[in-house]
Amino acid sequence: MSTIGDAWTYLTTPESWVGANGVFGTNFDGSLRFQQDSIIALTLEHLYMSFAAVGIAAALALPLGLWLGHVRRGGGVTTVVSNVSRAMPTLALLTLFAASAIGFGNRAVIIAAAIFAFPPILTNTFTGMAGVDADVREAAFGQGMTRLQVALRVELPLAVPLIAAGLRTSTTQTVATVPLAALVAGGGLGVIINFGLATQRYGEVLAGGILVAALCLGIDWLLARAQRAVTPAPLRRATVAAA
Amino acid sequence: MYGRGVDNPWLSLDYLRRSGDEVWEQLVIHTSLTLQAILIAAAIALPLAMVVRRSPRFAGPILGITGVLYTVPSFALFALLAPFTGIGRTTVLIGLVAYALLVLVRNTVVGLQGVDPDIVDAARGLGYSRTRMLLTVELPNALPSIFAGLRIATVSTVALVTVGVVVGYGGLGQLMFRGMQSNYRAQIATSALLCLALALLLDLLLVLIARWATPWARERRRARRSLRGGRAGGAGRSAEAAA
């Protein structure tokens, strides 16, 4: 089929990877520009947007989850947050942003992706902290540890496997969400798909789909290994069941 | 098209009055697409889960393949399918089914594995064949877990339909996207709210169906509640006695 041939040609042409004008350029305001015709640049932009979003989400969700889990309150709230975020279409948030003061482009996409990256981290951190055996907590308090010490030196290490699982879910999901940026004038690998559809070059659409899928599977694989590495051996089976 | 300084409200009855037919049309498409996808996915997932239950050596491949399908982002999946299945309903439907599969298969397997071994033993003692046991004992007992999976799958499918705009068939997402292009806030907000409402309504409907389909769970809930009431009464009595 010629579509597959076109995709192959696109993927094996060096210029598709490094772009006609190089990988990086400069915007009008002097900032770094990811050239939109280079696969390498789009991949880097994709990763930058994903990690910015997860970073923002983690910076807010981790402390909140640690605190709520430590005081063991707010389980209902975390459930509601994750349920509502599941029902809210990403496209709805992106288009709402575009029509509001937040506007189009990468910044709006990063904010939207951060909102969706938030619930898995919060829920898992909360569950991990609140699930620590009450006897363990009491033993720690009985030894004269302060609240902060119990939270950070007893509960947190025991919650690490679940927190890692939450970060993995959240990151994989974000890398999968960022392609939608192409619909609201943002960057990332979705641009290839969107451009291909707009110009009816289905070979490029297919190639873009392959690239996005490969990136997501690759990131998930890497994170699965990282998650395994930070999980103590006896806890490994339990986390697989929970994830 | 609204310019700056022109009244551009987020919510307006005027929009519904003028474009009610179009909104209704997309809402019907959105709903029918969701229901069709869930029914097809359930029809595939239930037999797959039963296969996993009967011969666990298939568990790895089946959960692995559905897991990969789940990790590939919808945007990319539509792009991978579009060159072959064209632009429109079929492509979106295949993508939605692929996504719902993992959740449904996993929850059904978990449900089947969680059936009380005593019940299975009792059925075996009565001379039930494996197939009869699966259909009349294990499957009904797994219903709560299956319905939990159906709820998650349905709510996420409602949100996922909107990504169909990539191939020009996104139900309410179509309205969001057009509203964004013409900066028409009422159109975006209305379709976003309808999406949330649809997810909520279908979720509620599934809760009611689950209740009707598992009357024994209702009995058990009632028993637990009266037990709790009794215990509270007992505590009250002993408090009185102490006074």
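Residues numbered from 1 in each chain as written. Chains lettered and ligands numbered in written order. Predicted model: local features only at pLDDT ≥ 70, side-chain atom pairs only at ≥ 80, totals over all residues. Heavy atoms only, no water.

(A) View of the overall build of chain B. Helix and strand counts for chain B stand at nine helices and zero strands. Moving toward the C terminus, one meets the helices and strands of chain B in the order α-α-α-α-α-α-α-α-α. Seen along its three principal axes, the alpha-carbon backbone of chain B occupies a region of about 70 × 60 × 25 Å. Burial statistics for chain B: of 243 residues in total, 45% are counted as buried. Within chain B, counting contacts between residues at least 6 apart in sequence, those at least 24 apart form 75% of the total. Each charge class in chain B was averaged separately, 24 positive and 12 negative side chains, and the resulting centres sit 6 Å apart. (Helix = DSSP H or I, 4+ residues; strand = E, 2+ residues; numbered from the N terminus. Buried < 20%, exposed > 50% of the residue type's maximum accessible area, 1.4 Å probe, protein only. Contact = heavy atoms within 4.5 Å. Lys, Arg positive; Asp, Glu negative; His and termini not counted. Charge placed at Lys NZ, Arg CZ, Asp CG, Glu CD.)

(B) Spatial organisation of the interface of chain A and chain B. Every contact between the two is made by 35 residues of chain A and, on the other side, 33 residues of chain B. Of the roughly 2,900 Å² buried between chain A and chain B, counting both surfaces, carbon and sulfur atoms make up 84%. When the buried surface of chain A facing chain B is broken down by residue, Arg 86, Ala 99 and Leu 183 of chain A rank first, second and third, together holding 19% of it. The tally of links from chain A across to chain B stands at zero salt bridges. Counting across the chain A and chain B interface gives one residue pair in polar contact (both at pLDDT 80 or more). When residues of the side of chain A that touches chain B are traced back to their parent elements, those giving at least two are α1 (2–12), α4 (75–87), α5 (90–99), α8 (147–177), α9 (190–198) and α10 (202–230) of chain A. Here the residues of the side of chain A that touches chain B sort into 27 nonpolar, six polar and two charged. (Buried area = accessible area lost by both parts, 1.4 Å probe. Salt bridge = Lys/Arg side-chain N within 4 Å of Asp/Glu carboxyl O. Polar contact = N/O pair within 3.5 Å; in protein donor to acceptor, adjacent residues only side chain to side chain. Nonpolar A, V, L, I, M, F, W, Y, C, P; charged D, E, K, R; others polar.)

(C) Highlighting the packing of aromatic side chains. One pass over the structure, following the stated rule, counts four aromatic pairs over all chains. Centroid distance Tyr 70 of chain B to Tyr 99 of chain B: 6.1 Å. Interplanar angle 55°. Geometry classified as tilted. Placement of Tyr 70 of chain B in helix α2 (residues 59–71) and of Tyr 99 of chain B in helix α4 (residues 89–113) is noted, with a sequence separation of 29 residues between them. You can call Tyr 70 of chain B partly exposed: its relative accessible area is 42%. Look at Tyr 99 of chain B and you get buried, because its relative accessible area is 10%. Ring pairs connect the aromatic residues Phe 24, Phe 34 and Tyr 48 of chain A, which therefore count as one cluster. Over the aromatic face of Tyr 128 of chain B sits the side chain of Arg 132 of chain B, whose NZ or CZ is 4.0 Å from the ring centroid. (Phe/Tyr/Trp six-rings, centres within 6.5 Å; stacked < 30°, edge-to-face > 60°. Lys NZ or Arg CZ within 6 Å of the ring centre and 35° of its normal.)

(D) Molecular detail of the confidence of the model for chain B. Residues and elements named next belong to chain B. Overall, the prediction assigns chain B a mean pLDDT of 85, with 90% of residues at 70 or greater. Looking at the elements of chain B, mean pLDDT is at its lowest for helix α9 (residues 215–242), recorded as 55, and at its highest for helix α8 (residues 185–213), recorded as 94. Per-residue pLDDT stays below 50 along residues 230–243; that stretch engages in zero contacts with residues further than four places along the chain or on separate chains. (pLDDT = per-residue confidence, 0-100.)

(E) Here's a closer look at the pattern of salt bridges. All names here are of chain B. Under the definition given, this model contains ten salt bridges over all chains. With its nearest N and O atoms 3.7 Å apart, the salt bridge here joins Arg 17 to Asp 14. Of this pair, Arg 17 and Asp 14 both sit in helix α1 (residues 13–54), three residues apart, roughly one helical turn. What makes Arg 17 exposed here is its relative accessible area of 64%. Residue Asp 14 is classed as partly exposed on the basis of its relative accessible area, which comes to 38%. The salt bridge partner of Glu 138 is Arg 53, with a shortest N-O separation of 3.1 Å. Placement of Glu 138 in helix α6 (residues 130–161) and of Arg 53 in helix α1 is noted, with a sequence separation of 85 residues between them. Take Glu 138: its relative accessible area is 7%, and that puts it in the buried class.

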